[in-house]
Amino acid sequence: EWHEVERRYVSVGRPLTVLDTAQRRPVCLINQTVRDKLEMDRDPVGQYIEVDGNRMLVVGLLDPPPMIIGNMAEQREVVVPFTFSVARDRWPWYTVVAASKGPQLSEDAKSEIEFYLRQVRRVKPGTPDTFEISTAQQQIAEFTEMASIVTLIATGIVGISLLVGGVGIMNI
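Before going further, it helps to spend a moment on the pattern of salt bridges. Two side chains carrying opposite charge are able to pair once their charged atoms lie near each other. If you walk through the whole model with that rule in mind, you get five salt bridges. In this structure, Asp36 engages Arg35 in a salt bridge whose closest nitrogen and oxygen atoms are separated by 3.1 Å. Judged by its relative accessible area of 6%, Arg35 is buried. Arg118 is the partner of Asp129 in a salt bridge, and the nearest nitrogen-oxygen pair spans 2.2 Å. Of the two residues, Asp129 sits in the loop between α5 (106–120) and α6 (136–170) while Arg118 sits in helix α5, which places them eleven residues apart along the sequence. We classify Asp129 as partly exposed; its relative accessible area is 34%. Classification of Arg118 as buried rests on a relative accessible area of 17%.

See below:
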């Protein structure tokens, strides 16, 4: 379930269901930012919006993400059933989220997903992947590397500031 994996729940209305996905229903979940930008009622359930030329029934309002990094709270989100978006072939990219039962199984899960995607997308052996898979561990490593670079730059700026300030004080 997307809601459980992402820890994103519906505050008003209902979540997407198995039937929504199986029947490719033109339904969606929106977040508060979309509701406010479109000047919809406080309870937008039952109202229609147009998404890329498709009339979509709003069935639920998403809670904000549990951890907000940067400007994520302002991001507009419209979540549609995966099969609906694939059937329309409108969106050239997809984000699919999967969760393993534990961190020690994440590499096995990644390998299984990679194998499945290569089969479904008919990627021949020896050919580069036409998709990208990242794990939480990879994202943490990238964040740590970025934080280290920012720390080094800040340390350099502080060092230069102290040197310049020291020279200025000595001249007085």
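Turning to the confidence of the model for the protein, a few remarks are in order. Across the protein, the average pLDDT comes to 84, with 90% of residues at 70 or higher. Ranking the helices and strands of the protein by mean pLDDT puts strand β2 (residues 27–30) first, with 94, and helix α1 (residues 2–6) last, with 73.

In this section: unusual backbone geometry. In this model, Glu39 sits at a positive phi of 50°, which is unusual for a non-glycine residue. The topology assignment puts Glu39 in the loop between α3 (32–37) and β3 (48–51). Residues other than glycine seldom take positive phi values, yet Asp52 does so here, at roughly 50°. Residue classification places Asp52 among the partly exposed residues on the basis of a relative accessible area of 40%.

About the cut-offs
- Residues numbered from 1 in each chain as written.
- Predicted model: local features only at pLDDT ≥ 70, side-chain atom pairs only at ≥ 80, totals over all residues.
- Heavy atoms only, no water.
- Salt bridge = Lys/Arg side-chain N within 4 Å of Asp/Glu carboxyl O.
- Buried < 20%, exposed > 50% of the residue type's maximum accessible area, 1.4 Å probe, protein only.
- Helix = DSSP H or I, 4+ residues; strand = E, 2+ residues; numbered from the N terminus.
- pLDDT = per-residue confidence, 0-100.

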